[in-house]
Protein chains: 2
Amino acid sequence: MNAVSLKVPKLRLYHYWRSSSSWRVRWAFAYKEIACDFVAVDLLPGASESAEHRKRNPLGYVPVLEFQGQPHLPYLGESIAIIEWAEEVFPEPSLLPGNPLERARARQLAEIINSGTQPLQNLNAQDEHTKDPVERKRWTQHWIRNGLQAYETLVAETAGPFSMGDQLTLADLFLVPQCYNAARNEVGLDAYPNIARIQKNALATPSCMASHPDRFQPK
Amino acid sequence: MNAVSLKVPKLRLYHYWRSSSSWRVRWAFAYKEIACDFVAVDLLPGASESAEHRKRNPLGYVPVLEFQGQPHLPYLGESIAIIEWAEEVFPEPSLLPGNPLERARARQLAEIINSGTQPLQNLNAQDEHTKDPVERKRWTQHWIRNGLQAYETLVAETAGPFSMGDQLTLADLFLVPQCYNAARNEVGLDAYPNIARIQKNALATPSCMASHPDRFQPK
């Protein structure tokens, strides 16, 4: 942890163990060794925490970062906003390449997941689309495949062990949790050899292992 | 325009006049006075440019920025990636507040539109949901209202003339084009007084006027 010269209040992350957006942030914090308390929030249907959680994030989603004891703007939602904040305040080790063009490409890859895939396959989009379980599965798989295919095509231009060559970047932090969602929805990675290789390499990194959903599953 | 000391190739923006994501980027470039050629791409059903455009962006969307004559990574998609690139390479005038916490909040607001609203109300999501025009409208209005309500609640903590007080930021560049989509889908702003005020102020800025869809509508 190598914070810039700013007073950062004690941090608390509201998350859910198998929310892919939560995993992105847990992973960024693990990579940068940012100290943080974790508070589990269950937003599944039937859970009672949704109304309480909307005071922290009006869209009702996790993750939300709390700056404890801070009177102005104590809550910060949206994984990309949290990770860009972490990158600015704890710049080393960086989750972005060094030059602007490659930084932009890493952000483009992250966006293929962040805005192009995850919101469309999320539970609330499924709920709004249909109650029919067969059609829900078709819908969910459609959006996951659409996103992973685009990622696979694009990442071929930059991939090494990770999405942007040798360096772990925020692109990987968005990709691998989406692959976890893909597996839960029975979408295999055989059609996406670059993604499959990147996932294997990323899963073996200490920060990925430290932030993996399995480690946060309620007993 | 106040570029950092980098050689930036000649820029070309592939866009569509009333795509809200295209407007975000046109607006950022107008605000920063970044010189750019514009190339219209019609991605509506029946248009013939989709296959050609997928070579520039595998998700098939606009906007896409081209770095003309650059052999490595000549194309950059995703509005947020393009705008963050512009912010890094042409830092003045800035589209982000000065301190990290407020920068993060501006990004959170932009994300409410970028990942929380626009992808769900987009034409391709409508197409996948249903062909029934009444249900398409209900679906579209649902996601627009869901996003604008969250934005309204959150922006109350920071709003002045614009979303982040006195300064035009990327939050406004995402909000106002979404309001344009709202109007096209007969969602009024009466329930969102902060948003309505911000929209009015932002529409009167020279960079917004210079980038407005009306100015790019084909004759």
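Quick note: structure is the one above.
Below is a summary of the structure that appears in this document. Just so we're clear, the structure is a prediction, and the values are computed from it rather than from any experiment.

**Regarding the packing of aromatic side chains**
Okay, step 1: This structure, assessed with the given rule, holds 17 aromatic pairs over all chains.
Okay, step 2: Between A:Phe67 and A:Trp85 the ring centres are 5.3 Å apart and the planes differ by 70°, which places this aromatic pair in the edge-to-face class. Here the residue A:Phe67 occupies a position in strand β3 (residues 64-67), and A:Trp85 occupies one in helix α3 (residues 79-89), the gap between them amounting to 18 residues. When sorted by exposure, A:Phe67 lands in the same class as A:Trp85, which is buried.
Okay, step 3: Ring pairing ties together the aromatic residues A:Trp139, A:Trp143, B:Trp139 and B:Trp143, which thus form one cluster.
Okay, step 4: The ring centre of A:Tyr14 lies 4.0 Å from the NZ or CZ of A:Arg56, which sits over that ring.

**Description of helix α9 (residues 193-203) of chain A**
All names here are of chain A.
Okay, step 1: Every buried residue belonging to α9 is among Asn 194, Ile 195, Ile 198, Gln 199 and Ala 202, and all of these are buried. Projected down its long axis, α9 carries its buried residues within an arc of 130°, all on one side. Turned more than 90 degrees away from the buried face of α9, the exposed residues are Pro 193 and Lys 200.
Okay, step 2: Along its buried surface, α9 packs onto α1 (20-32), α7 (133-155), α8 (170-184) and α10 (206-211).

**Some details on the side chain of B:Gln126**
Okay, step 1: Its place among the elements puts B:Gln126 in helix α6 (residues 123-129).
Okay, step 2: Residues in contact with B:Gln126, not counting those within four places in the same chain, are B:Gln121, B:Arg136, B:Trp139 and B:Thr140.

**Points about the pairing of strand β2 (residues 37-40) of chain A**
All names here are of chain A.
Okay, step 1: In the sheet, strand β1 (residues 11-15) pairs with β2 via four bridges, with the strands oriented parallel. Of the residues in β2, the one forming a bridge with Tyr 14 is Val 39.
Okay, step 2: Handedness of the crossover joining β1 and β2 through α1: right-handed.

**Some points on the interface of chain B and chain A**
Okay, step 1: At the junction of the two partners, chain B supplies 46 residues and chain A supplies 46 residues.
Okay, step 2: Across the interface of chain B and chain A, roughly 4,200 Å² is buried in total on both sides, 65% from carbon and sulfur atoms.
Okay, step 3: Seen at the junction of chain B and chain A, the total is six salt bridges.
Okay, step 4: Residue B:Glu88 pairs with A:Arg107 through a salt bridge whose shortest N-O separation is 3.1 Å.
Okay, step 5: Our enumeration of links across chain B and chain A arrives at 15 residue pairs in polar contact (both at pLDDT 80 or more).
Okay, step 6: Where the side of chain B that touches chain A is concerned, the elements lending two or more residues are β4 (75-77), α3 (79-89), α4 (100-114), α5 (118-121), α6 and α7 (133-155) of chain B.
Okay, step 7: Ranked by residues supplied to the side of chain B that touches chain A, first place goes to α4(B) with eleven residues.
Okay, step 8: Of the residues assigned to the side of chain B that touches chain A, the class counts are 22 nonpolar, 13 polar and eleven charged.

**Looking at the sheet that holds strand β3 (residues 64-67) of chain B**
Residues and elements named next belong to chain B.
Okay, step 1: Reading across the sheet, the four strands line up as β2-β1-β3-β4 and stay open at both edges, with mixed pairing between neighbours. Looking at the sheet topology across the chains shown, the edges are occupied by β2 (37-40) and β4. Mean inter-strand twist for the sheet, computed between neighbouring axes without regard to direction, equals 25°.
Okay, step 2: In this structure, strand β1 (residues 11-15) lies alongside β3, joined through four bridges in antiparallel fashion. Residue pairing across strands places Leu 13 opposite Leu 65, the latter belonging to β3.
Okay, step 3: Along the sheet, helix α1 (residues 20-32) contacts β1, β2 and β3; its crossing angle with β1, the most-contacted strand, is approximately 150°.
Okay, step 4: Most of the contacts of α3 go to β4, to which it runs at about 115°, and overall it touches β1, β3 and β4.

**Structural notes on the sheet that holds β1(A)**
Okay, step 1: The mixed open sheet is built from four strands, whose spatial order is β2-β1-β3-β4 (chain A). A single partner strand is all that each edge strand has here, and the edge strands are β2 and β4 (75-77) of chain A. Across this sheet, the average inter-strand angle for adjacent strands is 25°, counted without regard to direction.
Okay, step 2: As defined by bridge partners, β3(A) adjoins β4(A) across three bridges and the pair is classed as antiparallel. In the strand pairing of β4(A), A:Glu66 is matched with A:Tyr75.
Okay, step 3: Packed onto the sheet, α1(A) meets β1, β2 and β3 of chain A and runs at close to 150° relative to β1(A).
Okay, step 4: Contacts between α4(B) and the sheet are confined to β3 and β4 of chain A, with β4(A) contributing the most and set at about 40° to the helix.

Calculation criteria
- Residues numbered from 1 in each chain as written.
- Chains lettered and ligands numbered in written order.
- Predicted model: local features only at pLDDT ≥ 70, side-chain atom pairs only at ≥ 80, totals over all residues.
- Heavy atoms only, no water.
- Phe/Tyr/Trp six-rings, centres within 6.5 Å; stacked < 30°, edge-to-face > 60°.
- Helix = DSSP H or I, 4+ residues; strand = E, 2+ residues; numbered from the N terminus.
- Buried < 20%, exposed > 50% of the residue type's maximum accessible area, 1.4 Å probe, protein only.
- Lys NZ or Arg CZ within 6 Å of the ring centre and 35° of its normal.
- Arc of directions from axis to C-beta.
- Contact = heavy atoms within 4.5 Å.
- Pairing = 2+ DSSP bridges.
- Right-handed = clockwise from strand over helix to strand, strands pointing away.
- Buried area = accessible area lost by both parts, 1.4 Å probe.
- Salt bridge = Lys/Arg side-chain N within 4 Å of Asp/Glu carboxyl O.
- Polar contact = N/O pair within 3.5 Å; in protein donor to acceptor, adjacent residues only side chain to side chain.
- Nonpolar A, V, L, I, M, F, W, Y, C, P; charged D, E, K, R; others polar.
- Axes fitted to C-alpha atoms, helices over the stretch in contact; angles between N-to-C directions.

Shape is all these values report; function is a separate question.
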